[in-house]
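This is what each chain is made of:
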Amino acid sequence: MDKERILEKSRKENKNQDEMERQIRIEGESFSVLITMLVGIFLLAWKFAHGEEYHDILAMFWCSSTGCALYRWVIRGQKSQIWIFAASLAFLIYNLVKYLIGA
């Protein structure tokens, strides 16, 4: 093999490795969000069952939803996400205010 063919083969192999690492990172982040949501649901149910305020947990949920919609709207250019972003932001602000005033 000549030098150029070896370099081209190496570039292709490295590109696949970079894509695989990116895929692993995305899957890991998705799994992390899933576990966080499950723990959040457990804490929400616990607080609700014991008569405790739960606006802190809901604020975290709406924060995640707001961030996801904002990313899809601004970075990915999905204009339909503006409505989900607006609703999520409204719920986030509501729950933060309720948590901060201790209601």
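Structural data are supplied above this passage.
1. Observations regarding a nonpolar patch on the surface
A surface patch of nonpolar side chains, about 890 Å² in accessible area, is lined by F31, L34, I35, L38, V39, I41, F42, L43 and W46. With respect to the helices, strands and loops of the structure, F31 is situated in helix 1 (residues 3–49).

2. Remarks on helix 3 (residues 81–101)
Helix length check: helix 3 (21 residues) gives 30 Å between terminal C-alpha atoms against 30 Å at 1.5 Å per residue, within 8%. Burial in helix 3 covers these residues: Q81, F85, S88, L92 and N95. Take helix 3 and look down its axis: the buried residues cluster within an arc of 105°, on one side only. Counted as exposed and oriented over 90 degrees from the buried face of helix 3: W83 and I101.

3. Examining the packing of aromatic side chains
Where two aromatic rings form a pair, the distance of their centres and the angle of their planes describe that pair. Applying the stated criterion across every chain, the model contains five aromatic pairs. With centroids separated by 5.9 Å and ring planes inclined at 65°, the aromatic side chains of F48 and Y54 adopt a geometry described as edge-to-face. For F48, a relative accessible area of 61% corresponds to the exposed category. A centroid spacing of 4.8 Å and a plane angle of 75° characterise the contact between F61 and W62, whose relative ring orientation is edge-to-face. Using a relative accessible area of 33% as the deciding quantity, one classes F61 as partly exposed. An aromatic cluster of at least three residues, connected via ring pairs, comprises F61, W62 and F91.

4. Topic: the side chain of H55
Mapped onto the elements, H55 comes out in helix 2 (residues 55–75). Owing to a relative accessible area of 10%, H55 belongs among the buried residues under this scheme. There is a polar contact of 3.4 Å between the side chain of H55 and the side chain of E53.

Cut-offs applied
Residues numbered from 1 in each chain as written. Predicted model: local features only at pLDDT ≥ 70, side-chain atom pairs only at ≥ 80, totals over all residues. Heavy atoms only, no water. Patch = residues over 30% accessible without salt bridge, like charges linked within 9 Å, V, L, I, M, F, W, Y side chains within 5 Å. Areas by Shrake-Rupley, 256 points an atom, 1.4 Å probe, with all protein chains shown as cover. Salt bridge = Lys/Arg side-chain N within 4 Å of Asp/Glu carboxyl O. Helix = DSSP H or I, 4+ residues; strand = E, 2+ residues; numbered from the N terminus. Expected span 1.5 Å × (residues − 1). Buried < 20%, exposed > 50% of the residue type's maximum accessible area, 1.4 Å probe, protein only. Arc of directions from axis to C-beta. Phe/Tyr/Trp six-rings, centres within 6.5 Å; stacked < 30°, edge-to-face > 60°. Polar contact = N/O pair within 3.5 Å; in protein donor to acceptor, adjacent residues only side chain to side chain.

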